[in-house]
Amino acid sequence: MTITYTITLLPKDYPDPSTWDEMISRQKDLRLLSLQIAPDSFSSTFSRESQFTREDWEARLKNPQAFTFIASPSSNSKSSPAPPISTFKITQEPWIGSAVLLGPLPLSTNPPSHPSTKASGRSELRSEENHITFEICALFVMPEARRLGVGNALFEAVIVHGKSIARERGCSLVCFRVSTAESNKEALRLYEKLGFKVVARNNFLSGSTGAGSCMRGTLSMELWSEFGSD
Ligand SMILES: CC(C)(COP(=O)(O)OP(=O)(O)OC[C@H]1O[C@@H](n2cnc3c(N)ncnc32)[C@H](O)[C@@H]1OP(=O)(O)O)[C@@H](O)C(=O)NCCC(=O)NCCS
């Protein structure tokens, strides 16, 4: 089976109130569905997020450090993924997947795991001027659209966006972090295929139900990209 799809970065606001409302409501619906369909894949829960108000969902979209990418089927292109569509059109298509880029993270949460930092002891590589760190979270693809490259395309779009922010800030290195349950073989294979490496195994339970908390048996993975070498 082949599918063409497009990946769109949701805006942080929209001039037409009804289109903006539609985006907020669809973002909420897809996220709640993901928490119901794949409860073991996320550190947050349906019972927690179903209590969120419209303002909470709107704040997620408006957050200057959160970039929400949406996958939708596309009928107007033979290539896969298809070229971007207009922001308005995204509200008229079904949403089949999403992923969120968070960051840049504050320096205190930057990872010290870059191989050349460790090997050479060049502590200056850890400085904010040289590298920038992002977290990628909330990856979800609707069951009927899986194994067709949608998750891969979402991640590639997220990584391209993170790199463009890094370039704008004059950083020569960018680190992307993900966390996944060790038992989530689909996600693990996807991350490994994209070049992520395991940097830590967390066998503790941190936080309670927050989106950033770690579950038992969670793997922390990183992908480093150095400009000029890719
Ligand atoms: C993980 C998930 C996003 C993958 O989405 P997807 O669109 O099916 O992924 P893709 O089709 O782009 O697959 C990319 C690669 O991931 C790996 N992969 C994905 N699903 C797999 C499966 N069921 N079995 C083995 N490998 C799998 C493969 O390496 C695949 O490449 P290939 O098809 O060339 O072999 C999807 O299964 C999902 O939404 N799961 C529930 C939510 C979740 O676990 N999110 C991640 C939280 S950390």
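Shown above is the structure to which this text applies.
Model, not experiment: these values are computed from the prediction.

With reference to specific residues and values, describe the overall build of the protein chain.
Scanning the protein chain from terminus to terminus reveals seven helices and seven strands. Ordered by position from N to C terminus, the α and β elements of the protein chain give β-α-α-α-β-α-β-α-β-α-β-α-β-β. Burial status across the protein chain gives 30% buried among its 230 residues. Sequence-distant contacts, at least 24 apart, represent 74% of the contacts inside the protein chain between residues at least 6 apart.

How would you summarise the nonpolar core if you had to cite specific residues and measurements?
Among soluble globular proteins, nonpolar side chains are generally buried collectively. Counting 43 residues, the largest nonpolar core has Phe69, Ala71, Ala99, Ile136, Leu154 and Val158 as its most contacted members. Contact partners of Leu154, with chain neighbours within four places excluded, come to Ile7, Phe69, Ala71, Gly97, Ala99 and Leu139.

Describe the site of the ligand, naming the residues involved and giving the relevant values.
Taken together, 20 residues are adjacent to the ligand, and Ser41, Arg146, Gly151, Asn152 and Leu190 come closest. Of all the secondary structure elements, the ones that give two or more residues to the shell around the ligand are β4 (131-141), α6 (150-168) and α7 (185-193). Of all the elements, α7 adds the most residues to the shell around the ligand, at six residues. Counted by class, the shell around the ligand contains eight nonpolar, six polar and six charged residues.

Outline the sheet that holds β4, listing residues and values.
Read across the sheet, seven strands follow the order β1-β2-β3-β4-β5-β7-β6 without closing on themselves; strand pairing throughout is mixed. Here the strands that pair on one side only, and so sit at the sheet edges, are β1 (5-9) and β6 (197-202). Averaged over all adjacent pairs, the angle separating strand axes in this sheet is 25 degrees, with direction ignored. When β6 meets strand β7 (residues 218-226), the two strands line up antiparallel, connected through five bridges. Paired with Lys197 across the strands is Glu222, a residue of β7. Here α7 sits on the sheet in contact with β4, β5 (173-181) and β7, set at roughly 165 degrees to β5.

How would you summarise the packing of helix α1 (residues 17-37) against helix α3 (residues 54-62) if you had to cite specific residues and measurements?
Interaxial distance between α1 and α3 falls to 9 Å at its minimum, and their mutual angle equals 95 degrees. The angle between α1 and α3 places the two elements in the roughly perpendicular class. Where α1 approaches α3, its residues Met23, Ile24, Gln27 and Lys28 are matched on the opposing element by Arg54, Trp57, Glu58, Arg60 and Leu61. Across the contact of α1 with α3, the residue classes break down as four nonpolar, one polar and four charged.

Which residues make up unusual backbone geometry, and what values go with them?
Pro104 follows Gly103 through a cis peptide bond whose omega is 0 degrees. Residue placement: Pro104 occurs in the loop between β3 (97-102) and α5 (115-120). Of note, Ala138 is a non-glycine position whose phi angle comes to about 60 degrees, a positive value. Looking at the secondary structure, you find Ala138 in strand β4. Of note in the backbone geometry, Arg147 takes a positive phi value of approximately 60 degrees without being a glycine. Tracing the backbone through its elements, the reader meets Arg147 in the loop between β4 and α6.

Each value, and the rule that gives it
Residues numbered from 1 in each chain as written. Predicted model: local features only at pLDDT ≥ 70, side-chain atom pairs only at ≥ 80, totals over all residues. Helix = DSSP H or I, 4+ residues; strand = E, 2+ residues; numbered from the N terminus. Buried ≥ 20, exposed ≤ 12 C-beta atoms within 10 Å, placed from the backbone. Contact = placed C-beta atoms within 7 Å. Core = buried A, V, L, I, M, F, W, Y, C linked by C-beta atoms within 7 Å. Near = placed C-beta within 6 Å. Nonpolar A, V, L, I, M, F, W, Y, C, P; charged D, E, K, R; others polar. Pairing = 2+ DSSP bridges. Axes fitted to C-alpha atoms, helices over the stretch in contact; angles between N-to-C directions. Parallel < 35°, antiparallel > 145°, perpendicular 65-115°, else oblique.

Any functional reading would require information beyond the geometric quantities listed.
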